[in-house]
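# Descriptive structure summary
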Amino acid sequence: MPEGALHTPLFTADQIRTRIRAMARDIERDYPPQEPLHLVAVLKGAFMFLSDLSRAMTRPVTLDFMAVSSYANGTRSSGEVRVIKDVDTSLHDRNVIIIEDIVDTGLTLAYLRDILRARSPKSLRAACLLSKPSRRLVDVVVDYIGFEIEDRFVVGYGLDHGEQFRHLPYIAVYE
Ligand code: 5GP
């Protein structure tokens, strides 16, 4: 791939920071003041987003993590989802927000919404940093979206290609 593309941000660190602060304000506005939120991040891609979003919150927040395998082949997900690591604490009667890096076909988020809904949270919403609406295969609700993007494969800010590039502080197109 051309060396240059990875060094040309689609979204700079500054743009991401600004957008995440606005998302945190939008999220907090939707819940009663000081009501605790429980953020469940999907590893590994959402780790940076969770880190910045949670630090932008001004109320009690607790965190947990899940890991799923989406049986990707190459740069496309196949649609099958499997839980690799489950949350450590009960979701019962909590305001749960699923924290995802990117919604592509929507299959992973639809699956997560189903299995977490079954654990009787007080409320269940999803916050995703990126969304590719043109790729959607299922009509899944994404309550908070950072940026909508075209059908391009992106890396950085937690997102990888073959475990590379997660550490980049910005998001770039991998081509
Ligand atoms: P979905 O189930 O919505 O098709 O796929 C969601 C998952 O596919 C994401 O959590 C992410 O791991 C992976 N994915 C989808 N699009 C991209 C992309 O552009 N870049 C990277 N690095 N991963 C992606």
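### So, the pairing of strand β3 (residues 61-69)
As paired strands, strand β2 (residues 37-43) and β3 are joined by 7 bridges and run parallel to one another. What sits directly across from H38, in β3, is T62. As a crossover connection, the stretch from β2 through helix α3 (residues 47-55) into β3 is right-handed. Where β3 meets strand β4 (residues 82-85), 3 bridges bridge the pair, whose relative direction is antiparallel. The partner of V68 across the bridge, within β4, is V83.

### A look at the sheet that holds strand β1 (residues 9-11)
Hydrogen bonds between backbone atoms are what pair the strands of a sheet, whose relative direction is either parallel or antiparallel. Strand order across the open sheet formed by 3 strands is β1-β9-β8, with antiparallel pairing between neighbours. Across the chains shown, the open sheet's two edge strands, defined by having one partner strand only, are β1 and β8 (154-155). Direction of pairing for β8 relative to strand β9 (residues 171-173): antiparallel, over a ladder of 2 bridges. Among the inter-strand pairings, V155 is bridged to a residue of β9, identified as A172.

### A closer look at the packing of helix α2 (residues 13-29) against α3
The interhelical angle for the contact between α2 and α3, taken along N-to-C directions, is 60 degrees, at an axis separation of 9 Å. Comparing the axis directions of α2 and α3 gives the class oblique. Considering how the two elements wind past one another, α2 and α3 form a crossing that is right-handed. Taking contact as the criterion, the partners of I20, M23, A24 and I27 in α2 are, on α3, F49, D52 and L53. Considered class by class, the residues forming the contact of α2 with α3 number 6 nonpolar, no polar and 1 charged.

### Quick word on the site of the ligand
Around the ligand there are 16 residues in total, and D104, T105, T108, V154 and D160 lie nearest to it. The side chain of D101 places a nitrogen or oxygen atom 2.8 Å from an oxygen atom of the ligand. D160 places a polar main-chain atom, nitrogen or oxygen, 2.7 Å from a nitrogen atom of the ligand. For the shell around the ligand, the secondary-structure elements that each account for two or more residues are β5 (95-103) and α4 (107-117). For the shell around the ligand, the element with the most residues is β5, which contributes 4 residues. The residue makeup of the shell around the ligand, split by class, is 6 nonpolar, 4 polar and 6 charged.

Cut-offs applied
- For every chain, the first residue of its written sequence is number 1, and the numbers climb from 1 along that sequence.
- Reporting in this predicted model follows two pLDDT cut-offs: at least 70 for local features of residues, and 80 or more for side-chain atom pairs to be given and counted; totals over whole chains, interfaces and linings ignore these cut-offs and use all residues.
- The side-chain quantities take in all heavy atoms of the structure and omit both hydrogens and water.
- In this description, strands pair whenever DSSP reports at least two bridges between them.
- Secondary structure counts use DSSP, requiring at least four H or I residues in a row for a helix and at least two E residues in a row for a strand, with both numbered from the N terminus.
- Every crossover in which the path from the first strand over the helix to the second runs clockwise, viewed with the strands pointing away from the viewer, is termed right-handed.
- Angular values range over 0 to 180 degrees, each being the angle between N-to-C directions of two axes fitted as lines to C-alpha atoms, with helices fitted over their stretch in contact.
- The cut-offs work like this: below 35 degrees is roughly parallel, past 145 is roughly antiparallel, 65 to 115 is roughly perpendicular, and the gaps in between are oblique.
- With the far helix as reference, a near helix turned anticlockwise by less than a right angle produces a left-handed crossing, and one turned clockwise produces a right-handed crossing.
- Any two residues having at least one pair of non-hydrogen atoms within 4.5 Å are treated as being in contact.
- Think of it as three bins: nonpolar holds Ala, Val, Leu, Ile, Met, Phe, Trp, Tyr, Cys and Pro, charged holds Asp, Glu, Lys and Arg, and polar takes everything else, Gly as well.
- Throughout this document, a residue counts as near a molecule or strand when at least one of its heavy atoms sits within 4 Å of that molecule or strand.
- Between N or O atoms, a polar contact is any pair within 3.5 Å; within protein, one atom must be a potential hydrogen donor and the other a potential acceptor, and residues adjacent in sequence are included only when both atoms are from side chains.

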